[in-house]
Amino acid sequence: MRFFAIGFGQAGGKILDLFVENEKLRGSDTLKAIAINTARTDLMGLRHIPPKNRILIGQTTVKGHGVGTDNKLGAKIAQEEIDTVLNAIDELGTHEIDAFLIISGLGGGTGSGGSPVLAKYLSEMYSEPVYAVGVLPAPKEGKLYSLNAARSMVTLMRYVDNLILVDNGAWRFEGLSLKESYAKINEEIVRRLAVLARAGEPVEEGMVGEMVVDSSEVINTLKGGGISSIGYATLPIAEKKKSGLFGFIKKKSTPVVTAEEDKSTKIATLVRKAALGRLTIPCNIGSAERALVLVAGPPEQLDRKGLEKAKLWLEEQISGVEVRAGDYPTRRTRYIAALVVLANVTEIPRVKQLQKLASEAKEEVEIAEKERIDKTIALFEEEDLEPLF
Ligand code: GDP
């Protein structure tokens, strides 16, 4: 799956930077990446996206200092400088890509406001699907962040083919500061995107997959404009036993795959673990319309029967019947990784919460506005003025 990824704002840029690093490390050069921001320092902090692919917008308005949490200003700047952004995308080249991927934090200003604007133009100008990875703020970040996220999400959903949500609030890491947690969450996001990016990629020399999934199957899973949540689980592969003097001493046991164990059960269990474990956004998996399973690992660990078992199980879990499954053999890992994309999920408690917050906030604004108008009218009434006509 060849992505043209755009990291919009601080969170988006950081996540994309890590994605680029990850792809380089695994020897893939298909990812195209551009970071866009109104804050110069955020762009300067990136390490793997080349400087020529970092676009600073809004220089005349905010002079490189960012828009804070003003996502309306973020959207305005994106709209005014959309040509700069689109030209940068065009220059890097879009002819060999399968999809666009806009990554951003939805609770802030630049990414929250700019992503929907970019999604609108990309969806109008290109035939390739446009996906977004949207990071929702944790509730404790406050009402303003949640409100920003709600507004951004509602607008984004009009233009993207799919919105993959990640909930910062669902990813707490004990004992870590917020910044350290972000780094961990970003790693988790990139792990998932990296597996998705392998769909349809040519496999390493001399290897064949048991059941190949190509990019069109990812596209068919994500079509329709809904929200997706992604699950992921890994299993370390048993190291070959070293016969040595102390070989008989039992090591602390870790769940590993050995040749004797039933491969297909292992794969099916791993997929189940991915679907029922921590999702990028907690949701009722029974409300998913479609699903995609991708398993990556050394070829001798992959198993067609296991995948088929997993597929049948998932078909029973989700509301729809479309489950696609495939694998990707690779030697560049000591793990088997299972990815489960739950597409078009509708029961997402955090999204319900955001919708409620947004409508409350709208009411608050309307009430405040009405009170202000009433007070102004009252001022004039006190003066006993004649109306104009
Ligand atoms: P922008 O630069 O104006 O687009 O704002 P940010 O990207 O900083 O967006 C703010 C939101 O993103 C807040 O809800 C933060 O919780 C979240 N955020 C900021 N940085 C990160 C990050 O590196 N990782 C994650 N997962 N979330 C982040």
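Preceding this section is the structure that the text describes.
About the cut-offs
- Residues numbered from 1 in each chain as written.
- Predicted model: local features only at pLDDT ≥ 70, side-chain atom pairs only at ≥ 80, totals over all residues.
- Heavy atoms only, no water.
- Helix = DSSP H or I, 4+ residues; strand = E, 2+ residues; numbered from the N terminus.
- Buried < 20%, exposed > 50% of the residue type's maximum accessible area, 1.4 Å probe, protein only.
- Contact = heavy atoms within 4.5 Å.
- Areas by Shrake-Rupley, 256 points an atom, 1.4 Å probe, with all protein chains shown as cover.
- Near = heavy atom within 4 Å.
- Polar contact = N/O pair within 3.5 Å; in protein donor to acceptor, adjacent residues only side chain to side chain.
- Nonpolar A, V, L, I, M, F, W, Y, C, P; charged D, E, K, R; others polar.
- Salt bridge = Lys/Arg side-chain N within 4 Å of Asp/Glu carboxyl O.
- Core = buried A, V, L, I, M, F, W, Y, C linked by side-chain atoms within 4.5 Å.
- Expected span 1.5 Å × (residues − 1).
- Phe/Tyr/Trp six-rings, centres within 6.5 Å; stacked < 30°, edge-to-face > 60°.
- Lys NZ or Arg CZ within 6 Å of the ring centre and 35° of its normal.
- Axes fitted to C-alpha atoms, helices over the stretch in contact; angles between N-to-C directions.
- Parallel < 35°, antiparallel > 145°, perpendicular 65-115°, else oblique.
- Left-handed = near helix turned anticlockwise from the far one by under 90°.
- Arc of directions from axis to C-beta.
- Pairing = 2+ DSSP bridges.

Participant: It is not clear to me how the overall build of the protein chain should be interpreted in this structure. Could you clarify?
Facilitator: A tally of regular secondary structure across the protein chain gives 12 helices and 10 strands. Taking all 389 residues of the protein chain together, the buried fraction comes to 52%. Restricting the contact set of the protein chain to residue pairs at least 6 apart, pairs at least 24 apart contribute 82%. Roughly 19,900 Å² of accessible area belongs to the protein chain as shown, and the carbon and sulfur atoms make up 54% of that amount.

Participant: So what exactly am I meant to see when it comes to the site of the ligand here?
Facilitator: Taken together, 18 residues lie around the ligand, and Gln10, Ala11, Gly111, Glu141 and Tyr182 are the ones closest in. Interatomic distance of 2.8 Å between a backbone N/O atom of Gln10 and an oxygen atom of the ligand. Those elements giving two or more residues to the shell around the ligand turn out to be α1 (9-25), α6 (110-125) and α8 (178-198). Examining the composition of the shell around the ligand, we find that four residues originate from one element, α1, more than from any other. Class assignment of the residues belonging to the shell around the ligand gives a composition of six nonpolar, 10 polar and two charged.

Participant: Where do I start with the pattern of salt bridges in this structure?
Facilitator: If the charged atoms of two oppositely charged side chains come close together, the side chains can form a pair. In total, this model carries 14 salt bridges according to the counting rule given. Salt-bridge contacts for Glu201 lead to Arg26; the nearest nitrogen and oxygen are separated by 3.2 Å. With Glu201 in the loop between α8 and α9 (215-222) and Arg26 in the loop between α1 and β2 (32-37), this residue pair connects regions lying 175 residues apart in the sequence. Of the two residues, Glu201 and Arg26, neither departs from the other in class, the shared state being buried. Put simply, Arg331 and Glu300 hold a salt bridge, and the shortest N to O gap is 3.2 Å. Taken together, the residues Arg331 in the loop between β9 (322-329) and β10 (335-343) and Glu300 in the loop between β8 (290-297) and α11 (304-317) connect sequence positions 31 residues apart.

Participant: Sorry if this is basic, but what is going on with the environment of Ala150 here?
Facilitator: Tracing the backbone shows Ala150 in helix α7 (residues 143-159). For Ala150 and Gly107, which are 43 residues apart along the polypeptide, the C-alpha to C-alpha distance reads 8.2 Å. Among residues more than four places away in sequence, those in contact with Ala150 are Leu354 and Ala358.

Participant: Please explain the nonpolar core as it appears in this structure.
Facilitator: The nonpolar side chains of a soluble globular protein tend to be buried with one another. In this structure, Ile89, Leu118, Leu122 and Leu342 are the most contacted members of the largest nonpolar core, which totals 70 residues. Apart from residues no more than four positions distant in its own chain, Leu122 is found in contact with Ile6, Leu86, Ile89, Phe100, Ile102 and Val130. Membership of the second largest hydrophobic core comes to 42 residues, among which are Ile103, Val133, Leu222 and Leu339.

Participant: Explain the environment of Arg172 to me, please; I cannot follow it from the model alone.
Facilitator: Mapping Arg172 onto the fold places it in the loop between β6 (162-167) and α8. By relative accessible area, which is 63% here, Arg172 ends up exposed. The spatial distance from the C-alpha of Arg172 to the C-alpha of Ile185 is 8.7 Å, given a sequence separation of 13 residues.

Participant: Sorry, what's going on with α7 here?
Facilitator: For an α-helix, 3.6 residues make a turn, and residues three or four places apart therefore share a direction. Its 17 residues place the ends of α7 25 Å apart at the C-alpha level, agreeing with the 24 Å of an ideal helix rising 1.5 Å per residue. Burial in α7 covers these residues: Ser146, Leu147, Asn148, Ala149, Ala150, Ser152, Met153 and Leu156.

Participant: What is the right way to look at the packing of aromatic side chains in this model?
Facilitator: For any pair of aromatic rings, geometry is given as the distance between the ring centres together with the angle between the planes. A complete count under the given rule lists three aromatic pairs for this structure. Aromatic pair Phe100 and Tyr126: ring centres 4.9 Å apart, planes at 55°, arrangement tilted. Taken together, the residues span a long stretch of sequence, with Phe100 in strand β4 (residues 99-105) and Tyr126 in the loop between α6 and β5 (130-136) at a distance of 26 residues. Judged by its relative accessible area of 0%, Phe100 falls in the buried class. Overall, the relative accessible area of 16% leaves Tyr126 in the buried class. An aromatic cluster of three or more residues is present, and its members are Phe4, Phe100 and Tyr126. Across from the ring centre of Tyr121, 4.9 Å away, lies the NZ or CZ of Lys120, which sits over that ring. Over the aromatic face of Phe173 sits the side chain of Arg278, whose NZ or CZ is 5.2 Å from the ring centroid.

Participant: How do you make sense of the packing of helix α5 (residues 82-92) against α6 when you look at a structure like this?
Facilitator: Each pair of packed helices gets described by two things: the angle between the helix axes and the distance between those axes. Running from N to C, α5 and α6 point in directions that differ by 55°, and their axes come no closer than 11 Å. Comparing the axis directions of α5 and α6 gives the class oblique. Considering the relative orientation of α5 and α6, their crossing is right-handed. Residues Ile82, Val85, Leu86 and Ile89 of α5 pack against Val117, Leu118, Tyr121, Leu122 and Met125 of α6.

Participant: What am I meant to see in helix α4 (residues 71-80) here?
Facilitator: When we look at burial in α4, the residues that qualify are Asn71, Gly74, Ile77 and Ala78. Buried residues of α4 fall within an arc of 115° about the axis and therefore sit on the same side. Looking at the packing, one finds that the buried side of α4 touches β1 (3-8), α3 (59-62), α5, α6 and α7. Capping the start of α4 is the job of one residue whose side-chain oxygen sits 3.2 Å from the backbone nitrogen of Lys72: Asp70.

Participant: I tried to follow the sheet that holds β5 on my own but got confused; where do I start?
Facilitator: Strand pairs in the sheet, formed through backbone hydrogen bonds, run parallel or antiparallel to each other. In spatial order, the strands read β3-β2-β1-β4-β5-β6-β7-β10-β8-β9; together these 10 strands make up an open sheet with mixed pairing. Because the sheet does not close on itself, it has two edges, and the strands there are β3 (54-56) and β9. The average angle at which neighbouring strand axes cross in this sheet is 20°, direction not considered. Where β5 meets β6, six bridges bridge the pair, whose relative direction is parallel.

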